[in-house]
Structure formats: C-alpha cells, structure tokens
Amino acid sequence: EYMKKFETFDHSVSIITVEKQGKKYAMTCAWATQVGYEHLVCLIGSQSLTGKNIQKGDVIGISVLTKKQAELANRVGETHSNEVDKFKDTFNYEGVNCYHNARRVLKCLVEDVLHLKDIEEDNLVFAKIIDEKELNNDEILHMSDM
C-alpha cells in the first residue's frame, strides 16, 4: 500500500558516497533524478549521516544500481557509515568511491545544498556531473523493486 503512492514516478536506486577528512560515507538514495544534460538533484533525508556531511563544493560518487544489487541497496541503506564498513564492494572511480557491478557510475560536484519549504530538514543536493561511465547493461533497480 505504501509503495503504491510512489508508482507514478518510479525512481532508480543509487548509492551516494563522499569522503570527508579521511572518513568515508555511503547511503542509498531513491530520490535522485537528472534535471539537465549536466545536472542532477538528490533528496537526502535528515536522518542520513552521509547527507549531513555533503556540502557545497564536495565531490561525490553515485552508483546507479542494478536489480541484482537490491541486497546491497538494503545493506547500505539500513546502516550508518560510522557503524559498519560500507566500502568493501567499491572501487576508486576518478577519485570517488563507486560500487562494482553498478549499471552506471558518476563523479559529481555538489554545486548547492538547498533547504526548501516543507523539506527544510532534508537536503536537496544539486550537483554537476563531472564524469560518468556505463559499466554494464543489466536492468536498473527501481524503488518499486525493493
């Protein structure tokens, strides 16, 4: 019943990573979309330790997951980066951490972090795509698949 509310816009599921002062952070994000040829937005909940650490000027990694990676999406999304190592399945892609076997990986520059009416506590991350690479042709994992 709960998921039916979100079937109109069935978003892909991605993992966002950032490294700050030697600490690595990762989170699962199902509220990301491209808003231009070079830009995307991600809505990150206020409970996310990763989201709290993403700031304007940061370079982040985004791994668009495949249906085969649903377990990975749940494992990364249900824990906090200060509690478990979320990076055992990653590789360094152009200076950011991305996940092996993802459908697509992106390196992005955070151009702004916005707080809008009705989502003041959450972070709306506006980022520019610096580099991207398609890793395979597997089916993309969508929120409705979870």
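Above this text is the structure in question.
The paragraphs below set out a description of the structure included in this document.

Rules behind the numbers
- Residues numbered from 1 in each chain as written.
- Predicted model: local features only at pLDDT ≥ 70, side-chain atom pairs only at ≥ 80, totals over all residues.
- Heavy atoms only, no water.
- 1 Å grid on protein atoms, 1.4 Å probe; cavity = no way out; pocket = protein on both sides within 12 Å on 5 of 7 lines; lining within 4 Å.
- Points joined across faces, edges and corners; volume = space filled by probe spheres on them.
- Helix = DSSP H or I, 4+ residues; strand = E, 2+ residues; numbered from the N terminus.
- Nonpolar A, V, L, I, M, F, W, Y, C, P; charged D, E, K, R; others polar.
- Buried < 20%, exposed > 50% of the residue type's maximum accessible area, 1.4 Å probe, protein only.

To find leftover empty space, one rolls a probe the size of a water molecule over the atoms. What the second largest pocket holds in volume is close to 280 Å³. In terms of lining, the second largest pocket is formed by 16 residues, of which the most central are S12, S14, Q34, V64 and L106. Contributions of two or more residues to the lining of the second largest pocket are made by β3 (32-34), β4 (39-44), β5 (59-64), β8 (104-114) and β9 (123-134). Across the lining of the second largest pocket, the residue classes break down as eight nonpolar, four polar and four charged.

Here we take up unusual backbone geometry. Glycine aside, negative phi is the norm for most residues, and most peptide bonds take the trans geometry. Despite not being glycine, Q21 shows a phi value in the positive range, around 50°. Within the fold, Q21 resides in the loop between β1 (14-20) and β2 (23-29). On the basis of relative accessible area, Q21 is assigned to the exposed category, the value being 84%. Despite not being glycine, N101 shows a phi value in the positive range, around 65°. Take N101: it is sitting in the loop between β7 (96-99) and β8.

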